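Descriptive structure summary
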Amino acid sequence: MPVLVGKRAPSFKAYAAIGSLIEEDFSLDRYLGKRYVLLFFYPADFSGLCPTELLAFQQMLPEFERRGVAVVGCSTDSHQTHAAWLRTPLDEGGIGGVTYPLVADATKTISANYDVLAGHYDYNEAGEMIFIGTPQAYRGLFLIDRDGIVRHQLVNDRFLGRRISDALRMVDALRHFEEHGETCPANWEAEEGPVG
């Protein structure tokens, strides 16, 4: 798997569902020079494990926003499927109340560019290109700085959920390094206090 850390985050323009709205040309470029981005990939809408993560990101969204971080989700589902999932109540398996953007990667190119697409292309005996595996995203997470550079990446298999507080700790560590020039050792935690 290629490491994107230290490199410019692959850019894209895609449909995104944001609350009850659909945006046609959503791009991370809107955050350049303004905000950090926590871009996370997940396998599928209307699944068992994924809503636990999306709802956990929503629950911690105020903490990310206090730190100047835009949270953006992405899966290989269409924007129509994202919109339907956002309209579905929690007690029916939906994620109603999620307010951050959900990018639609129906063409699988965003997941491929971030190297989180499960499976691979190969040729069959007739020489035709076919996809081997399930073309869904792994649980990738990318922390992108305000200059558009990836500073942290983590990729889990589809059956392994993430701890959202770990992503928040990485944001704090990056901000600490940028503000103080000090490295953050193992198990480093930000000191309590106001976040600017």
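Moving on, we get to the overall build of the protein chain. Tallying secondary structure elements over the protein chain gives five helices and nine strands in all. Its helices and strands taken in sequence order, the protein chain reads β-β-β-α-α-β-α-β-α-β-β-β-β-α from the N to the C terminus. Relative to a compact globule of 196 residues, whose C-alpha radius of gyration would be 16 Å, the protein chain shows 17 Å and is just as compact. Counting only C-alpha atoms, the protein chain reaches 60 × 40 × 30 Å along its principal axes. Within the protein chain, the fraction of its 196 residues that count as buried is 44%.

Bridge analysis of strand S6 (residues 120-123) against strand S7 (residues 129-132) gives four bridges, and the strand direction is antiparallel. If you follow His-120 over to S7, its bridge partner there is Ile-132. Count of turn residues in the S6/S7 antiparallel hairpin: five residues, of which Gly-127 carries a positive phi of about 80 degrees.

This next bit is on the pairing of strand S9 (residues 150-156). Alignment of strand S8 (residues 139-144) against S9, held across six bridges, turns out to be antiparallel. Bridge pairing in S9 links Arg-139 to Asn-156. Linking two consecutive strands that pair antiparallel, namely S8 and S9, is a turn of five residues; a positive phi of about 85 degrees is found at Gly-148 within it.

The next subject is the pattern of salt bridges. The full count for this structure, using the stated rule, is nine salt bridges. Across the salt bridge formed by Glu-53 and Arg-139, the nearest N and O atoms sit 2.9 Å from each other. Taken together, the residues Glu-53 in helix H1 (residues 50-59) and Arg-139 in strand S8 connect sequence positions 86 residues apart. Comparing Glu-53 with Arg-139, the two get one shared label, buried. The shortest N-O distance in the salt bridge between Arg-67 and Asp-172 comes to 2.5 Å. Residue Arg-67 is located in the loop between helix H2 (61-66) and strand S4 (69-75), and its partner Asp-172 is located in helix H5 (residues 164-180); the two are separated by 105 residues in the primary sequence. One exposure class covers both Arg-67 and Asp-172, and it is buried.

All right, on to the packing of aromatic side chains then. For the structure on display, the rule yields 11 aromatic pairs. Geometrically, the ring pair formed by Phe-40 and Tyr-42 is tilted, given 6.1 Å between the ring centres and 40 degrees between the ring planes. The same class applies to Phe-40 as to Tyr-42, namely buried. Look at Tyr-114 and Phe-142: their rings are 5.0 Å apart centre to centre, the planes differ by 65 degrees, and that puts the pair in the edge-to-face class.

Judged by nonpolar contacts, the single largest core of 25 residues is most densely connected at Leu-38, Phe-40, Leu-54, Phe-57, Phe-64 and Tyr-100. Where this core is concerned, the elements lending two or more residues are strand S3 (36-41), H1, H2, S4, helix H3 (79-87), S8 and H5. Broken down by element, this core gets its largest block of residues, five residues, from H5. Ranked by size, the runner-up nonpolar core spans 22 residues in total, among them Phe-26, Leu-28, Ala-70 and Cys-74.

What counts, and where the lines are drawn
- Residues numbered from 1 in each chain as written.
- Predicted model: local features only at pLDDT ≥ 70, side-chain atom pairs only at ≥ 80, totals over all residues.
- Heavy atoms only, no water.
- Helix = DSSP H or I, 4+ residues; strand = E, 2+ residues; numbered from the N terminus.
- Rg over C-alpha atoms; globule rule 2.2 N^0.38 Å.
- Buried < 20%, exposed > 50% of the residue type's maximum accessible area, 1.4 Å probe, protein only.
- Pairing = 2+ DSSP bridges.
- Salt bridge = Lys/Arg side-chain N within 4 Å of Asp/Glu carboxyl O.
- Phe/Tyr/Trp six-rings, centres within 6.5 Å; stacked < 30°, edge-to-face > 60°.
- Core = buried A, V, L, I, M, F, W, Y, C linked by side-chain atoms within 4.5 Å.

Function-wise, these values are silent; they only describe arrangement.
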